[in-house]
Amino acid sequence: MSYYRRRRPAYRKAEYRRPKHNVPVNISEYGDRFEARVYALGFSKENISITLSDDVIYISGRRQPAEEHPPFILQEYPIKSFERSFELSERADQNAVGAKMDNGVLLITIMKTAASQKPDVEVEIE
């Protein structure tokens, strides 16, 4: 008897493990700043912490879940907490960081250093 064995995608290999409590994050780069959008639905801004330490930004959220949890068949949304961390570029100005919460999305803005915002110089070919 032969069994059909489906190939696992690269991200599903045994050595890869998705963090248990995570929220999705989108990071964008603009001319003068970096922006991170943390999709933290259900977390209030009072329960979210942002810390900068040794060129790393740490983002975490905590909340008290309801007493009863639904009987999940699939659960991808964090119930209690989340933690994310990202290494900052040397172009990021760690003294110019701002954050605001809007409709469950935490927007973190990190300005670029003045040195990294220099305009490109075009060189004329003789």
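Before reading further, recall that the structure is shown in the block above.
One structure accompanies this document, and this report is about it. Keep in mind that what you see is a predicted model, and the values were worked out from it rather than measured.

On to the pairing of strand β3 (residues 48-53). Pairing analysis gives six bridges linking β3 to strand β4 (residues 56-62), with the strands arranged antiparallel. Each bridged residue has a counterpart across the sheet, and for I50 the counterpart in β4 is I59. Taking the residues between adjacent antiparallel strands as the criterion, β3 and β4 are bridged by two residues, where D54 takes a positive phi near 50 degrees.

Another point: the environment of S116. Structurally, S116 can be placed in the segment after β7 (105-112). When the C-alpha atoms of S116 and D32 are compared, they prove to be 8.4 Å apart, with 84 residues separating the residues in sequence. Side-chain polar atoms of S116 contact the backbone oxygen of T113, separated by 2.9 Å.

Next up on the list: the sheet that holds strand β6 (residues 92-102). If you walk across this open sheet you meet the four strands as β1-β2-β7-β6, and the pairing is antiparallel. Two strands close off the open sheet at either side, each with one partner strand: β1 (25-29) and β6. Going across the sheet, the axis of each strand differs from the next one's by a mean of 15 degrees, ignoring polarity.

For the rest of this paragraph, the subject is the pattern of salt bridges. When charged atoms on two side chains of opposite charge get close, those side chains can pair. In total, this model carries six salt bridges according to the counting rule given. Here E35 makes a salt bridge to R33, at a shortest N to O gap of 2.8 Å. Given a relative accessible area of 8%, E35 falls into the buried group. Using a relative accessible area of 23% as the deciding quantity, one classes R33 as partly exposed.

With that settled, consider the packing of aromatic side chains. Within a pair of aromatic rings, the relevant descriptors are the distance that separates the centres and the angle that separates the planes. Tallied over the full model, the rule gives one aromatic pair. Ring centres of F43 and F82 lie 5.0 Å apart, and the angle between their planes is 85 degrees; on these two criteria the pair is classed as edge-to-face. Remark: F82 occurs in strand β5 (residues 81-87) and F43 occurs in the loop between β2 (33-39) and β3; sequence separation between them is 39 residues. With respect to burial, F43 and F82 carry one shared label: buried. The positively charged end of K112 is found above the aromatic ring belonging to F34, 5.2 Å away from the centroid.

Conventions we followed
Residues numbered from 1 in each chain as written. Predicted model: local features only at pLDDT ≥ 70, side-chain atom pairs only at ≥ 80, totals over all residues. Heavy atoms only, no water. Pairing = 2+ DSSP bridges. Helix = DSSP H or I, 4+ residues; strand = E, 2+ residues; numbered from the N terminus. Polar contact = N/O pair within 3.5 Å; in protein donor to acceptor, adjacent residues only side chain to side chain. Axes fitted to C-alpha atoms, helices over the stretch in contact; angles between N-to-C directions. Salt bridge = Lys/Arg side-chain N within 4 Å of Asp/Glu carboxyl O. Buried < 20%, exposed > 50% of the residue type's maximum accessible area, 1.4 Å probe, protein only. Phe/Tyr/Trp six-rings, centres within 6.5 Å; stacked < 30°, edge-to-face > 60°. Lys NZ or Arg CZ within 6 Å of the ring centre and 35° of its normal.

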